[in-house]
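# Observations on the three-dimensional arrangement
The chain contents come next:
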Amino acid sequence: MKIVIADKSHSIYADIICQTIAEAAKVRGTGIAKREPEYIITKMENGNAVIALDGEKFAGFCYIEKWGHGKFVANSGLIVHPDYRNLGLAKQIKQLVFDHSRQKFPDAKIFSITTGLAVMKMNSDLGYKPVTFSELTTDQSFWNGCQTCKNYDVLQRTEQKMCLCTGMLYNPSAKQELKSEKREFDSKVWTRLKNIKQSIFLKKDKK
């Protein structure tokens, strides 16, 4: 297994990456925006993606997006092929894309919005803190990317103040403070929060 910074030679995997993301979205039901192969290829060509390969077989992927003229960076589209799940691969991909983001955009705040507890745990281990959406990028092109998510109407109803996703932020200027304040990730608390959000926002859809 090798995990590397993707380049244009990896564009042959764009279709299967998009298929894997789409299939995962169907299974989870929430929190994954659709992406087209052309978009994934652009990320590879710009050196803003990480790919995991088992020989020639696709195993996992994640890419970097920048917003607000580089003031904010997001590590998005983290996906692992079903054949390679539960092996710790997602954490390795997440670590490399995070390190690459810090190297390439050292002054940028790195943020994430996700419904996945596993991603929240990985973010927490890297030093992210939960924040309100108002502390994330105001770049409208980022939020427009949520339009392909099935819960986009929730984001619209709340005027982009909240959704089923949880916002998390890594602030490089506060890294020393974050290290000293590292806390245990409590999955029960986050599961409860996720359930509360679903009961509040999804209930309205049934009326």
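Here is a short report on the structure shown in this document. Being a predicted model, the structure only gives us computed values, none of them experimental.

## Remarks on the overall build of the protein
Within the protein, the secondary structure is distributed over 8 helices and 7 strands. Burial status across the protein gives 46% buried among its 207 residues. Within the protein, counting contacts between residues at least 6 apart in sequence, those at least 24 apart form 70% of the total. Within the structure as shown, the protein displays about 11400 Å² of accessible surface, and the carbon and sulfur contribution to it stands at 52%.

## So, the pattern of salt bridges
Pairing is possible between side chains that carry opposite charge, provided their charged atoms lie close to one another. Taken as a whole and judged by the stated rule, the model has 5 salt bridges. Ionic pairing is found between D83 and K57, a salt bridge with its closest N-O pair at 2.8 Å. Placement of the pair is D83 in the loop between β4 (72-80) and α3 (89-104) and K57 in strand β3 (residues 57-67), with a sequence separation of 26 residues.

## Observations concerning the packing of aromatic side chains
On inspection of all chains with the given rule, the structure shows 10 aromatic pairs. These aromatic residues form a ring-pair network of at least three members: W67, F72, F111, F133, F142 and W143. It is R35 that lies over the ring of Y39; its NZ or CZ is 5.2 Å from the centre.

## Section: the packing of α3 against helix α4 (residues 117-126)
Between α3 and α4, the least distance of the axes is 11 Å, while the angle of their chain directions is 45°. Comparing their axes, α4 and α3 come out oblique. Judged by the sense of rotation from one axis to the other, the crossing of α3 with α4 is right-handed. Contacts between α3 and α4 involve A90, K91, K94, Q95 and F98 from the first element and V119, M122, N123, D125 and L126 from the second. Each residue belonging to the contact of α3 with α4 can be placed in one class, and the counts come to 5 nonpolar, 2 polar and 3 charged.

Reading the values: rules and limits
- Residues numbered from 1 in each chain as written.
- Predicted model: local features only at pLDDT ≥ 70, side-chain atom pairs only at ≥ 80, totals over all residues.
- Heavy atoms only, no water.
- Helix = DSSP H or I, 4+ residues; strand = E, 2+ residues; numbered from the N terminus.
- Buried < 20%, exposed > 50% of the residue type's maximum accessible area, 1.4 Å probe, protein only.
- Contact = heavy atoms within 4.5 Å.
- Areas by Shrake-Rupley, 256 points an atom, 1.4 Å probe, with all protein chains shown as cover.
- Salt bridge = Lys/Arg side-chain N within 4 Å of Asp/Glu carboxyl O.
- Phe/Tyr/Trp six-rings, centres within 6.5 Å; stacked < 30°, edge-to-face > 60°.
- Lys NZ or Arg CZ within 6 Å of the ring centre and 35° of its normal.
- Axes fitted to C-alpha atoms, helices over the stretch in contact; angles between N-to-C directions.
- Parallel < 35°, antiparallel > 145°, perpendicular 65-115°, else oblique.
- Left-handed = near helix turned anticlockwise from the far one by under 90°.
- Nonpolar A, V, L, I, M, F, W, Y, C, P; charged D, E, K, R; others polar.

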